[in-house]
Amino acid sequence: MGELRVEAGDVVRQRFLSDVQEGLLTVAAISHVDSRKAESLLRQYGDRAPLRTLDALQLAVALKIRRRTNQLCFVAADTALCAVATLEGIQVVNPENAS
């Protein structure tokens, strides 16, 4: 894995906050329902993909957002997470595979 220098991290953080402020990104609260869905995802895909707990929680929230808005572009560089998101019918963009 690559490392991010502090200065570059600050730039990324500022861009993220700007995108949230402009409405380009949505920050979603995590609920108990999301935790239960994450548990379900871990049970469902745990034998096929090395899905981690926080990845399952991120995916559970993404599924909630997709249900509410009927649109979602899921961006992640973790191949296992991307694979499970795809199995769940989510459009996935992996920046490491982008050309």
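Whatever comes next refers back to the structure up there.
Here the structure is a predicted model, which means the values were calculated and not measured.

**Points about the overall build of the chain**
Tallying secondary structure elements over the chain gives four helices and two strands in all. The order of helices and strands in the chain, counted from the N terminus, is α-α-α-β-α-β. Counting only C-alpha atoms, the chain reaches 40 × 30 × 25 Å along its principal axes. The burial tally for the chain puts 26% of its 99 residues in the buried class. Counting every atom, the chain has about 7400 Å² of accessible surface; 53% of that belongs to carbon and sulfur.

**Concerning the nonpolar core**
Core analysis: the biggest nonpolar cluster contains 18 residues, and Leu41, Leu51, Leu59, Phe74, Leu81, Val84 and Ile90 have the highest contact counts within it. Taken together, the elements giving at least two residues each to this core come down to helix H2 (32–45), helix H3 (53–69) and helix H4 (79–87). For this core, the element with the highest residue contribution is H3, accounting for six residues. The contacts of Val84, once residues within four sequence positions are left out, are Tyr45, Ala49, Leu51 and Leu59.

**Considerations on the packing of H3 against H4**
Interaxial distance between H3 and H4 falls to 11 Å at its minimum, and their mutual angle equals 35 degrees. Judged by the twist between their axes, the crossing of H3 over H4 is right-handed. Contact with H3, carried on its side by Asp55, Gln58 and Leu59, involves Leu81, Val84 and Ala85 of H4 and no other residues of that element. In the contact of H3 with H4, the residues fall into four nonpolar, one polar and one charged.

**Considerations on H4**
Within the span of H4, buried status applies to Ala80, Leu81, Cys82, Val84 and Ala85. In this structure, the buried residues of H4 make contact with H2, H3, strand E1 (73–75) and strand E2 (91–93). One side-chain oxygen of the residue at the start of H4 lies 2.9 Å from the amide nitrogen of Ala80, identifying that residue as Asp78. A positive phi of about 85 degrees marks Gly89, the residue just after H4.

Reading guide: rules and limits
- Residues numbered from 1 in each chain as written.
- Predicted model: local features only at pLDDT ≥ 70, side-chain atom pairs only at ≥ 80, totals over all residues.
- Heavy atoms only, no water.
- Helix = DSSP H or I, 4+ residues; strand = E, 2+ residues; numbered from the N terminus.
- Buried < 20%, exposed > 50% of the residue type's maximum accessible area, 1.4 Å probe, protein only.
- Areas by Shrake-Rupley, 256 points an atom, 1.4 Å probe, with all protein chains shown as cover.
- Core = buried A, V, L, I, M, F, W, Y, C linked by side-chain atoms within 4.5 Å.
- Contact = heavy atoms within 4.5 Å.
- Axes fitted to C-alpha atoms, helices over the stretch in contact; angles between N-to-C directions.
- Left-handed = near helix turned anticlockwise from the far one by under 90°.
- Nonpolar A, V, L, I, M, F, W, Y, C, P; charged D, E, K, R; others polar.
- Polar contact = N/O pair within 3.5 Å; in protein donor to acceptor, adjacent residues only side chain to side chain.

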